[in-house]
Structure formats: C-alpha cells, structure tokens
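The primary structure of each chain is shown beneath.
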Amino acid sequence: MALHAQGSSAPIRLVVPYAPGGPLDVTSRVLAERVRDSLGTVVVDNKAGAGGNIGADAVAKAAPDGLTIGLAATATHAVNPWLYSRMPYDAAKDFAGITQMVRVPNVLVVNAARAEQLKINTVADLIAYAKKNPAKLNYGSGGNGSAGHLAGEMFKQKAGIYALHIPYRGASPAQLALLAGEVDYNIDNLAAAAPNIRAGKLKALAVTSAQPSPMLPGVPTLAQTFPGFAIDTWWGLVAPAGTPKPVIDKLNKAFTDALKAPETKARFEALLAEPVSSTPEQFDAFMAAERAKYQQVVKASGAKVD
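We now turn to the structure provided with this report. Just so we're clear, the structure is a prediction, and the values are computed from it rather than from any experiment.

Cut-offs used in this document
Residues numbered from 1 in each chain as written. Predicted model: local features only at pLDDT ≥ 70, side-chain atom pairs only at ≥ 80, totals over all residues. Heavy atoms only, no water. Helix = DSSP H or I, 4+ residues; strand = E, 2+ residues; numbered from the N terminus. Rg over C-alpha atoms; globule rule 2.2 N^0.38 Å. Buried < 20%, exposed > 50% of the residue type's maximum accessible area, 1.4 Å probe, protein only. Contact = heavy atoms within 4.5 Å. Core = buried A, V, L, I, M, F, W, Y, C linked by side-chain atoms within 4.5 Å. Domains from an automatic or database assignment. 1 Å grid on protein atoms, 1.4 Å probe; cavity = no way out; pocket = protein on both sides within 12 Å on 5 of 7 lines; lining within 4 Å. Points joined across faces, edges and corners; volume = space filled by probe spheres on them. Nonpolar A, V, L, I, M, F, W, Y, C, P; charged D, E, K, R; others polar.

**Overview of the overall build of the chain**
Move 1: Scanning the chain for helices and strands turns up 12 helices and 10 strands.
Move 2: Radius of gyration (C-alpha) of the chain: 20 Å, near the 19 Å computed for a compact globule of 306 residues.
Move 3: When its C-alpha atoms are laid out on the principal axes, the chain stretches across 65 × 40 × 30 Å.
Move 4: By residue count, 53% of the 306 residues in the chain fall in the buried class.
Move 5: Sequence separation of at least 24 residues holds for 77% of the intrachain contacts in the chain that already meet a minimum separation of 6.

**Notes on the environment of Gly-52**
Move 1: Of note, Gly-52 is situated in the loop between strand 2 (42–46) and helix 3 (53–60).
Move 2: Judged by its relative accessible area of 2%, Gly-52 falls in the buried class.
Move 3: Once residues lying within four places of it in the same chain are set aside, the contact partners of Gly-52 are Pro-17, Tyr-18 and Thr-76.

**Notes on the nonpolar core**
Move 1: Of all hydrophobic cores here, the largest spans 49 residues; its most connected members are Val-107 and Ile-197.
Move 2: Counting the residues that make up this core, at least three belong to each of domain 1 (12–103 + 232–301) and domain 2 (105–224).
Move 3: For Ile-197, the contacting residues outside a window of four places in its chain are Val-107, Val-109, Leu-190, Leu-202, Ala-204 and Leu-216.
Move 4: Listed in part, the 46 residues of the second largest apolar core include Ala-60, Ala-91, Ile-127 and Phe-283.

**Considerations on the layout of surface pockets**
To find the voids left in a structure, one rolls a probe of water-molecule size over its atoms.
Move 1: Volume-wise, the largest pocket comes out at about 1100 Å³.
Move 2: The wall of the largest pocket is formed by 45 residues, among which Tyr-18, Ser-146, Ala-147, Ala-171 and Asn-189 lie closest to the centre.
Move 3: Sort the elements by how many residues they give to the lining of the largest pocket and helix 4 (residues 74–83) lands first, with 5 residues.
Move 4: Residues that form the lining of the largest pocket fall into these classes: 21 nonpolar, 22 polar and 2 charged.
Move 5: Mapped onto the domain boundaries, the lining of the largest pocket takes at least three residues apiece from domain 1 (12–103 + 232–301) and domain 2 (105–224).
Move 6: Size it by volume and the second largest pocket reaches roughly 150 Å³.
Move 7: Sorting elements by how many residues they give to the lining of the second largest pocket places strand 4 (residues 95–111) first, with 3 residues.
Move 8: Looking at the lining of the second largest pocket residue by residue, the classes come out as 6 nonpolar, 3 polar and 3 charged.
Move 9: Each of two domains, domain 1 (12–103 + 232–301) and domain 2 (105–224), supplies a minimum of three residues to the lining of the second largest pocket.

If you want it as structure tokens, here you go:
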C-alpha cells in the first residue's frame, strides 16, 4: 500500500488549483497542518489557471497512490465541465472523492447608499423595483460563468426580471464596482462580502444557501422567496480515480478528524467558511448532483468559454 506510515520520507502533495491567499488556499493550509501527525508532511502546491482546470487536471493525471491529492471546487467539478467547450479531464470519471471540506453561502448584496435611495430593503423590494423599471438594473460578477454570474441568472429566471450582467476580471474588481455604484447588486460569496456588509457599505438582502447562515443572523434565504433555490460555494478533497479504497479511507479519516477539531472550526469561522466533512461516497454523490444542477444553469445562462 502506497500511503506511508508516519516517519517515511515522501510527502503528500495537495494541489490547490487557485493562487495563494484566497479562502480555498488558506483552508487547505490549515488542514495540511492539522493532519501532520496522522499522515506526515502535506505540501500545498498552488497550480492556478484556466478557471482551476490546470490544477484539477494535474490531480486527474497523477499516479493513484495517495501521494497526490487535490481540491475539487464548484468551478472545477460542477461548472467548468459545461462552461468550457474543451475540458482536459472528465470531472465525473477521473477522480475519487475523499471528503467535502467547506460550504460558504453566497449572498445577494446591494450598494447600501443605492438601496437607501431606491428604498430597497428586501428581496421583494428589489424585484418590485426591477419590474417597475425594466432594464434599469445591472449586476456584476467575477466573470462569465462565475458562481456570481450563474446565481444571478438563476435569480433573474425565478424572479422573472431583467438585469444586465456586467462581468469583471475576478470577484475583487466586481466588488469594487459594486462599492463604487457602477453596478446595483452582486451575488458574492459571504467570505468576500462580509467585511463590507459589517462596515455598512453593502446591504445583505438574502443568502443563497438552502438554510439561513449563522454568520449573517436575521438575513433570510432566497429559498424563502423561491422554494428550492440553493447555490453554495463548496470545495473538498479528491484523489485520482483508481486510488485504492484503504488509501482513500485513511485520507478520509485524517481529514475528517481535522475538520471536526474545534481549532479548525475557529480558523474557518474567521474566513466565514463552514467546515463540512463527509464520507467519500457522500462527496462523490454530492459532486454528481451539483454537476447535474449546473448543467441546467449554465445552459440557461448561455455562458461559454472556448
């Protein structure tokens, strides 16, 4: 069995398909530290590019020996397969789930000054304004096919409203545009939006998770207005397909123990990320369900990346 006992030399490489410093990278490093006693050294390897596809592909093509594992995220394993006309890997077949790691609700936020000016205090107010003022509203996102874009299109469809989508080069420029009043609303992940919500610059109208978020007490869910509406940002750990079951089980135990540790909860909470552990089978089934959901959403949005 390739996964080594404590004290052997080869470290485990954990490929993060995004640049250092974001929530996916930080949470991976927190866990890599916590599993050292059970798994030995875990080295985080950032391989960014092509919307996460480059890093995910490196995991897909690695030897299935438990020494290379990677991060699977909403983009790499649920959205990109429908968004990109050519994919380097097969999200459904090239990976074996280890465990889900994190769930972060997305939040519908409006520029606070604009909300006051237009008297928009609730989702119902926003929809009513959009219906009275056709084609007046616009919303920003981190790019075509980003989570914010797809959630925005889903919201428009359910609400029966029109708002112009303005794609920016990444979530940070999209948030700056919202703060500057260039766009009226965004659907952003809570981790990114929270500081400006707390500072009173953005007003949170609803979270997009199925359940209300303990991180934003008193903010309703979009599901209260549109039953069944649920879009979360999530990520978890995968190994290359064909990694032996005992190896997957050992990795699962080490990482789920780490996710349940009170210290992990505290570190993740600071990032407004909720630790979520699962069995390998549950994570595989969850990713398959998310892929099916986003197939419809991407198709309806018309987003494509060639």
